[in-house]
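# Breakdown of the fold
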Number of protein chains: 2
Amino acid sequence: MPEARAPTRIQRKNRAAILDAALDVFSSQGFRGATVDEIATAAGLSKPNLLYYFPSKEAIHAAVLEQLLDTWLDPLRALDPSGEPLEEILAYMHRKLQMARDLPRESRLFANEIVQGAPRIHDVLSTDLKALVDEKVAVIRAWMDAGQIAQVHPYHLIFSIWSLTQHYADFDVQVRAVLGPEDPFAAAPEFMETLYRRLLTPPDQA
Amino acid sequence: MPEARAPTRIQRKNRAAILDAALDVFSSQGFRGATVDEIATAAGLSKPNLLYYFPSKEAIHAAVLEQLLDTWLDPLRALDPSGEPLEEILAYMHRKLQMARDLPRESRLFANEIVQGAPRIHDVLSTDLKALVDEKVAVIRAWMDAGQIAQVHPYHLIFSIWSLTQHYADFDVQVRAVLGPEDPFAAAPEFMETLYRRLLTPPDQA
DNA sequence: GTATGATTTGACCAAAAGGTCAAACTCACG
DNA sequence: CGTGAGTTTGACCTTTTGGTCAAATCATAC
């Protein structure tokens with residue numbers, strides 16, 4: 001493995017190619033189903049060459065996952081406590097939906113990992129993720145208590161946003177099989193906007 | 001493999017044990033990640049003994065999946081066109097939520113398969129599943145046109161029920177990591193009931 | 001242009017995994 | 001209680017797979 005010194009041009013190119021190829025393969029086959037050879041070929045490298053850049057399959061997976069987690073929580077982080085409550089939540093939902101459309105591989109990598117019990121990221125979930133969610137739930141609860149949005153279980157509200165948006169990436173093949181030629185992302189935003197407006201509009205504004 | 005004649009007592013017992021063990025292993029590791037040895041051990045059999053009952057790993061997987069699909073669509077089939085619209089949809093949602101709670105392994109097996117592109121059940125999705133959904137969408141559309149429930153995209157309505165309910169099974173580990181000791185299924189039914197009542201109650205009844 | 005470190009690869013290894021088979025064992029039934 | 005069908009398994013085979021290594025090739029700074 002190359003030293004931790006300044007990476008060369010070739011190192012940057014190959015590392016990026018490997019991570020991209022690994023995202024492809026891991027997201028469509030899962031960790032155990034992916035083979036180092038397949039990743040190497042997808043990256044345009046030989047297997048020993050790939051192992052020159054990463055010491056093991058585990059290490060590749062960890063690197064891809066770390067890179068993913070880094071950006072995966074950004075939409076929630078961006079929820080602004082000083083914004084207009086309903087619009088903030090809707091904007092968060094739309095950002096997540098964008099990510100499902102634009103980064104489906106990332107979503108599926110994450111789904112694969114969680115469905116199989118999250119053996120490699122359980123810690124991050126119960127520390128970093130939980131902390132972030134707890135923080136934002138406090139914000140949402142304050143909005144509810146102030147009557148700015150309707151009272152619903154805030155954690156389940158967030159789960160619902162995760163589940164509805166990621167469904168379009170993770171279950172893409174099923175959604176398309178049922179929907180036929182219609183683009184899932186054509187009607188999804190409006191449907192979800194309607195759903196959350198009706199759920200969260202406070203009673204006195206109905 | 002035993003003949004297709006009347007199965008013996010031992011055959012029934014072992015086949016059942018194998019299918020149950022396979023559901024365990026496939027749902028938590030995916031097809032490629034599961035090993036025949038692991039399934040055999042979980043079923044209390046030796047590997048050659050397991051292969052006496054099923055000719056291959058593929059065959060076991062196919063059997064488990066077929067058994068699953070058989071029951072997976074029952075809740076939707078039971079949607080009654082002559083029932084009270086909103087209550088019918090809520091009842092469907094509750095049946096799906098029950099399944100997520102009571103059959104999480106089945107849900108995760110399904111999720112694993114779909115996330116990885118549904119290589120083995122794509123046909124069923126675009127024929128049987130699509131046909132069933134099309135049929136029920138027609139019913140829902142009629143209810144909407146009659147003003148008995150609010151107008152929303154009926155396909156996305158069904159996707160939302162799938163996604164919200166199965167999330168509690170498929171992403172169980174994440175939900176619990178965020179929620180802490182609280183039982184996810186304690187608040188989920190009420191949350192979802194509220195959500196769909198607000199989404200679907202027709203405007204003139206609001 | 002050449003020395004030096006970075007990069008690449010063919011050949012190889014050991015472990016894991018799907019599957020086979022003949023021989024041994026068990027069970028149900030007359 | 002013996003017999004044939006049904007069941008089980010130890011030993012084995014082949015392929016796949018993660019990973020190693022020494023030797024060869026390449027890039028680039030001097």
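See the structure shown above.
All of the points below concern the structure found in this document. (Residues numbered from 1 in each chain as written. Chains lettered and ligands numbered in written order. Predicted model: local features only at pLDDT ≥ 70, side-chain atom pairs only at ≥ 80, totals over all residues. Heavy atoms only, no water.)

## Observations concerning the relation of the copies chain A and chain B
Test applied: Residues reaching a pLDDT of at least 70 in both copies supply the C-alpha atoms on which the copies are superposed by least squares.
Placing chain A over chain B gives an RMSD of 0.0 Å and needs a rotation angle of 180°, together with 0.0 Å of translation along the axis. What the superposition gives is, in effect, a two-fold axis relating one chain to the other.

## Some remarks on the packing of aromatic side chains
The line we're drawing: Under the pairing criterion, centres of Phe, Tyr and Trp rings, with the six-membered ring standing for Trp, must be within 6.5 Å; the plane angle then separates stacked pairs below 30 degrees from edge-to-face pairs above 60, leaving the rest tilted. The buried label goes to any residue with under 20% of its type's maximum accessible area, the exposed label to any with over 50%, and the partly exposed label to all in between, with areas taken from a 1.4 Å probe on protein chains only. Cation placement over rings: the criterion is NZ of Lys or CZ of Arg within 6 Å of the ring centroid and within 35° of the ring normal.
Going through the model one piece at a time under the given rule, you end up with 10 aromatic pairs over all chains. Seen from their ring centres, Y52(A) and Y53(A) are 5.0 Å apart, and the 80° between their planes marks the pair as edge-to-face. Overall, the relative accessible area of 4% leaves Y53(A) in the buried class. Of note, K57(B) hangs over the ring of F31(B), and the distance from its end group to the ring centre comes to 4.7 Å.

## Some points on the protein's contact with DNA strand C
Put simply, the rule is: Nearness is judged by heavy atoms alone; a residue qualifies as near a molecule or strand once a single heavy atom is within 4 Å of it. Pairs of N or O atoms are called polar contacts if they sit within 3.5 Å, as long as, within protein, a hydrogen donor faces a hydrogen acceptor (for residues adjacent in sequence, only side-chain-to-side-chain pairs).
Close contacts around DNA strand C come from 18 residues, with T8(A), Q11(A), Y53(A), R9(B) and V36(B) the closest. For DNA strand C, the fraction of protein-proximal atoms (within 4 Å) that sit in sugar or phosphate groups is 61%. At a separation of 3.0 Å, a phosphate oxygen of DNA strand C approaches a polar side-chain atom of N14(A). Take V36(B): an N or O atom from its main chain is 2.8 Å from a phosphate oxygen of DNA strand C.

## Regarding the pattern of salt bridges
Residue and element names in this part refer to chain A. Keep this limit in mind: The term salt bridge refers to a side-chain nitrogen of Lys or Arg lying within 4 Å of a carboxyl oxygen of Asp or Glu. Strands here are runs of E lasting at least two residues and helices are runs of H or I lasting at least four, both read from the DSSP assignment and numbered beginning at the N terminus.
Counting across every chain of the model gives 20 salt bridges over all chains. Here D134 makes a salt bridge to K130, at a shortest N to O gap of 3.1 Å. One end of the pair is D134 and the other is K130, both in helix α8 (residues 122-145) and 4 residues apart, which spans about a single turn. Using a relative accessible area of 28% as the deciding quantity, one classes D134 as partly exposed.

## Quick notes on helix α2 (residues 36-43) of chain B
Residue and element names in this part refer to chain B. In plain terms, the rule: It is the directions from the helix axis to the C-beta atoms that the arc portrays. What makes two residues a contact is simply this: any of their non-hydrogen atoms within 4.5 Å.
If you check which residues of α2 are buried, you get V36, I39, A40 and A43. Buried residues of α2, viewed axially, fall in a sector of 100°; they line one side. On its buried face, α2 sits against α1 (9-33), α3 (47-53) and α4 (57-72). Once α2 ends, the next one or two residues include G44, with phi positive near 75°.

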